[in-house]
Amino acid sequence: MNNNYFYQTCKERIKSEYKIYLVALILAALADFIKEKRFSIGLGTIILFPVFYAIIFGVLAGPEVGKIFSRKEVKLASKLVIIGICPFVVKLGITAGANIDLILNAGPALLVHGFGNLLGPILAIPVAMALGMKEEAIGACSSLNREYHMAIINDTFGADSKEAEGSMAIYVVGGMIGTIYFGIMASVIGATGIFDPQALGMATGVGAGIFMASASASLATMFPDAAQTITTMASASNTIAGITGIYITMFIALPMTKKLYTMLSRISAKKISTEG
């Protein structure tokens, strides 16, 4: 194996990375054993999913804390991210085919609500760059950075790119606090009384199952009489958003984020040059 971590044979790879596979399997099994936990806070509900525990366990096993893994092994593990994502993306494609009637028969609101995610890059890119992020901001701000978003970033820029690092960072943070944030946010917005429970249920379907589950559970607690409607709308909109989200990210959000980054970089460089 050379410094770029390329292998001549599968046997050589397994021999070098067996500890990563073994520890990952143990941590995943442990996280699944704990199962999801729900906590009521006021009118809302916070849900902690197994992915939350798995990420925490992974951080604790890293070279900065438990030192179970070395920095070299962390680098090796980063190459496996896209491999782990691929089965999920294939499943999403199968789901898309199986639910094509749902997509075609969905109302206009369900079909276009995924475009609301385009507001994220517009708001996030300036903030990320102001905080000192460079190319990482493109990966971090172009989407919610769940599995299929990461697959697009890895395929477009490469697993070792700065953009992929930004995407992975948001994926980790989202897995740890995203569900908590979505649960609280849904409760706060629902408490305003401005929106109908059906609209709120649809809004929770952002294309990420754990975020949808957390937000819809909080809303179902707030509006028990409309719980079934909320759950149904959340599930339908999440399925459609997960499918349309691939194309929105690939053809609109990511190119738009890149252009915003380039434009703001030029403005920043011009300002620095003028001040200098």
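Below: a short report on this structure.

About the thresholds
Counting of residues starts from 1 at the beginning of each chain's written sequence and follows it residue by residue. Confidence filtering applies because this is a predicted model: local features only for residues at pLDDT of at least 70, side-chain atom pairs given and counted only at 80 or more, and all residues used for totals across whole chains, interfaces and linings. Working from all heavy atoms in the structure, the side-chain values ignore hydrogens and water. Secondary structure follows DSSP: runs of H or I at least 4 residues long count as helices, runs of E at least 2 residues long count as strands, and numbering of each begins at the N terminus. The salt bridge criterion pairs a side-chain nitrogen of Lys or Arg with a carboxyl oxygen of Asp or Glu, the two atoms within 4 Å. With a 1.4 Å probe rolled over the protein chains alone, any residue whose accessible area is under 20% of its type maximum counts as buried; one over 50% counts as exposed, and the rest are partly exposed. Between the rings of Phe, Tyr and Trp (Trp by its six-membered ring), a pair exists once the centres lie within 6.5 Å; its type follows the angle of the planes, with under 30 degrees stacked, over 60 edge-to-face, and the other angles tilted. Polar contact is the term for a pair of N or O atoms within 3.5 Å; when the atoms are in protein, one must be able to donate a hydrogen and the other to accept it, and sequence-neighboring residues count only if both atoms are side-chain atoms. The contact definition used throughout considers only heavy atoms, calling two residues in contact when any of these lie within 4.5 Å. A fitted line through C-alpha atoms represents every axis, and for helices the fit uses only the stretch in contact; the resulting angles, taken between N-to-C directions, go from 0 to 180 degrees. Any angle from 65 to 115 degrees is called roughly perpendicular, while one under 35 is roughly parallel, one over 145 is roughly antiparallel, and all others are oblique. Here a crossing is taken to be left-handed if its near helix is turned anticlockwise relative to the far helix by less than a right angle, and right-handed if that turn runs clockwise.

**Here we look at the environment of Ser16**
Piece 1. Here Ser16 lies in helix H1 (residues 10-34).
Piece 2. Separated by 57 residues in sequence, Ser16 and Glu73 have C-alpha atoms that sit 9.0 Å apart.

**Describing the pattern of salt bridges**
Piece 1. Going through the model one piece at a time under the given rule, you end up with six salt bridges.
Piece 2. Ionic pairing is found between Lys19 and Glu73, a salt bridge with its closest N-O pair at 3.3 Å. One end of the pair, Lys19, is in helix H1; the other, Glu73, is in helix H3 (residues 71-78), with 54 residues separating them in the sequence.
Piece 3. The salt bridge partner of Arg38 is Glu36, with a shortest N-O separation of 3.1 Å.
Piece 4. Of the residues examined, Arg38 reaches a relative accessible area of 53% and is grouped as exposed.
Piece 5. Its relative accessible area of 36% is what places Glu36 among the partly exposed residues.

**Things to note about helix H9 (residues 147-157)**
Piece 1. Among the residues of H9, Tyr148, His149, Met150, Ala151, Ile152, Ile153 and Asn154 are the ones counted as buried.
Piece 2. Gly158 occupies a position one or two residues after H9 and carries a positive phi of about 100°.

**Brief notes about the packing of aromatic side chains**
Piece 1. Applying the stated criterion across every chain, the model contains three aromatic pairs.
Piece 2. Between Phe182 and Phe211, the ring centres sit 4.5 Å apart and the planes meet at 10°, which makes this aromatic pair stacked. Linking Phe182 in helix H10 (residues 162-191) with Phe211 in helix H12 (residues 209-222), this pair joins segments that are 29 residues apart in sequence.
Piece 3. Through a chain of ring-to-ring contacts, the aromatic side chains of Tyr181, Phe182 and Phe211 assemble into a single cluster.

**Things to note about the side chain of Thr249**
Piece 1. Structurally, Thr249 is set in helix H13 (residues 227-275).
Piece 2. Residue Thr249 is classed as buried on the basis of its relative accessible area of 5%.
Piece 3. In this structure the side chain of Thr249 is engaged in a polar contact, spanning 2.8 Å, whose partner is the backbone oxygen of Gly245.
Piece 4. Excluding residues that lie within four positions of it along the chain, Thr249 makes contacts with Ser143, His149, Ile152, Leu254 and Pro255.

**Section: unusual backbone geometry**
One can expect most non-glycine residues to show negative phi and most peptide bonds to be in trans.
Piece 1. A positive phi is found at Lys67, a non-glycine position, where the angle reads about 60°.
Piece 2. The topology assignment puts Lys67 in the loop between helix H2 (50-61) and H3.
Piece 3. Residue Lys67 is classed as exposed on the basis of its relative accessible area, which comes to 59%.

**Remarks on the packing of H10 against H12**
Piece 1. Between H10 and H12, the least distance of the axes is 8 Å, while the angle of their chain directions is 30°. By the angle between their directions, the pair H10 and H12 is classed as roughly parallel. Both H10 and H12 take part in a crossing whose hand is right-handed. On H12, the residues touching Gly174, Gly178, Thr179, Phe182, Gly183, Ala186, Ser187, Gly190 and Ala191 of H10 are Ile210, Phe211, Ser214, Ala215, Ser218, Leu219 and Met222.

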